[in-house]
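Chain by chain, the residues:
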Amino acid sequence: LAFHWCLFKIMLMSGVVKIQARCDTWMSLTALHYHYATQCLPTAGAWYAHQLPNALQKLSVAGTYLIEIPGALLYILPWPQARALGAILNILLMAAIMLTG
């Protein structure tokens, strides 16, 4: 149970901090336009992701928000299926981050 609460808090705060920072790029869903081009150690996948249409990059930022903020609630729900869905969403997000930087 403590693990679920820690995971919930980490993921929730990862999303909330993006909103609380009031950064124009996160608020306008354009953060990935800059991220792929300016990261310290870009991956090959980052170059391809940077070439994606703007609408798809904005959708990726919105998906990040959905997984990190309301999706974090899935970790603390009492149903194993909800927690499993939360785990799958988190794994997909982390895999995308690993592939694109």
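The rules behind each value
- Residues numbered from 1 in each chain as written.
- Predicted model: local features only at pLDDT ≥ 70, side-chain atom pairs only at ≥ 80, totals over all residues.
- Heavy atoms only, no water.
- Helix = DSSP H or I, 4+ residues; strand = E, 2+ residues; numbered from the N terminus.
- Contact = heavy atoms within 4.5 Å.
- pLDDT = per-residue confidence, 0-100.
- Salt bridge = Lys/Arg side-chain N within 4 Å of Asp/Glu carboxyl O.
- Buried < 20%, exposed > 50% of the residue type's maximum accessible area, 1.4 Å probe, protein only.

*Asks:* Explain the environment of Leu99 to me, please; I cannot follow it from the model alone.
*Replies:* Residue placement: Leu99 occurs in helix α6 (residues 80-100). Leu99 has contacts with Thr43, Gly45 and Ala46, leaving out every residue within four places of it along the chain.

*Asks:* Explanation requested: the confidence of the model for the protein chain in the structure shown.
*Replies:* Detailed conclusions should not be drawn from predicted coordinates in areas where pLDDT is low. With 100% of its residues at a pLDDT of at least 70, the protein chain reaches an overall mean of 91. Across the protein chain, helix α5 (residues 54-68) holds the top mean pLDDT of 94, while helix α3 (residues 31-38) sits lowest at 86.

*Asks:* Mind showing me how you'd approach the pattern of salt bridges here?
*Replies:* Enumeration according to the criterion identifies one salt bridge in this entry. Measuring nitrogen to oxygen at the nearest pair gives 2.9 Å for the salt bridge that ties Lys18 to Glu68. Residue Lys18 is located in helix α1 (residues 2-20), and its partner Glu68 is located in helix α5; the two are separated by 50 residues in the primary sequence. The pair Lys18 / Glu68 is uniform in exposure class, with both members buried.

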